[in-house]
Structure formats: structure tokens, C-alpha cells
Amino acid sequence: MPGAEAHAASGPLRHWFYLLAEGSHPGGGNPASPICAGGPAAVSGIGIQKAGKIFMGALNHKTRSWRYTGARSASLAAAIALYGPLGPECATVQAAWDAVNVPSQPDEPSCAPLHPGT
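Residues numbered from 1 in each chain as written. Predicted model: local features only at pLDDT ≥ 70, side-chain atom pairs only at ≥ 80, totals over all residues. Heavy atoms only, no water.

Caption draft 1: Fine view of the overall build of the protein. Each helix and strand in the protein was counted, giving four helices and zero strands. Sequence-ordered secondary structure for the protein, helices as α and strands as β, is α-α-α-α. The buried share among the 118 residues of the protein stands at 33%. At a minimum sequence separation of 6, the contacts of the protein that also span at least 24 residues come to 64%. Counting every atom, the protein has about 6600 Å² of accessible surface; 58% of that belongs to carbon and sulfur. (Helix = DSSP H or I, 4+ residues; strand = E, 2+ residues; numbered from the N terminus. Buried < 20%, exposed > 50% of the residue type's maximum accessible area, 1.4 Å probe, protein only. Contact = heavy atoms within 4.5 Å. Areas by Shrake-Rupley, 256 points an atom, 1.4 Å probe, with all protein chains shown as cover.)

Written as C-alpha cells, this is what we have:
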């Protein structure tokens, strides 16, 4: 897409990874990245190292018929396996997928809320 913001124009998986690693407003000279309509107001990144570990863990679940919804489920499973369901890593994986409009699936792994009642 000529003239489009680089992360929005690069496809859902690349956009998701940038949001996961850097967040929607990373600062430090890194460009802000837009969030799709209906997504969260903002995403706070977890850093490139953690994002990379989650992505590589998700790739271990890749199948021939993998779609973005499968990538979402696999990355949530990887985040839970690596960091547990209570940490910000799992919640950020969810938020980044929501930010690129890849919807939650009924059978996907779930993150426990960080605060009771959320």
C-alpha cells in the first residue's frame, strides 16, 4: 500500500509482532503503530526478547492449515507455557491480536485476569 503506515501495511502477523514487542506508542525513536478499529486503546510492548520467544514457541504448533486464528491460539499457548497465565506477557499477546482484528476463539488458551473482576 503506497503511502500507508509501514506496520499497518505489512500484514497482520508482522503488525501483531511489532505491537507485542514494541507496543503501539514505543517512543525512543521507534514509530507509533496504529490499532484497528474495535481494538484496545493502546498496547504496551513486552520487548523483543520475550516477543521472539513467544513467536518461536507458537511456531512449534504450526500446522499446514494454520490461519491467523491458529497463530493467535498458538501464541497464547506459548506465552502461558513460557510466562504463565497471570503475567503481562499473556495479556499483551491477546491485546496485540485484538489490535490487528484477529478475534478470540472459543477454544483458545486463556489468560487469567491480572486483577479480580477484570
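Caption draft 2: Region of interest: unusual backbone geometry. For N101, which is not glycine, the phi dihedral falls at a positive 65°. Considering the arrangement of structural elements, one finds N101 in the segment after helix 4 (88-99). We classify N101 as partly exposed; its relative accessible area is 46%.

Caption draft 3: View of the state of the cysteines. As enumerated under the stated definition, the model contains one disulfide in all. Across the disulfide from C90 sits C111; the S-S distance is 1.7 Å. The disulfide joining C90 to C111 has a torsion of about -80° about its S-S bond and is therefore left-handed. Taken as a pair, C90 in helix 4 and C111 in the segment after helix 4 lie far apart in primary sequence, 21 residues in all. (Disulfide = S-S within 2.5 Å.)

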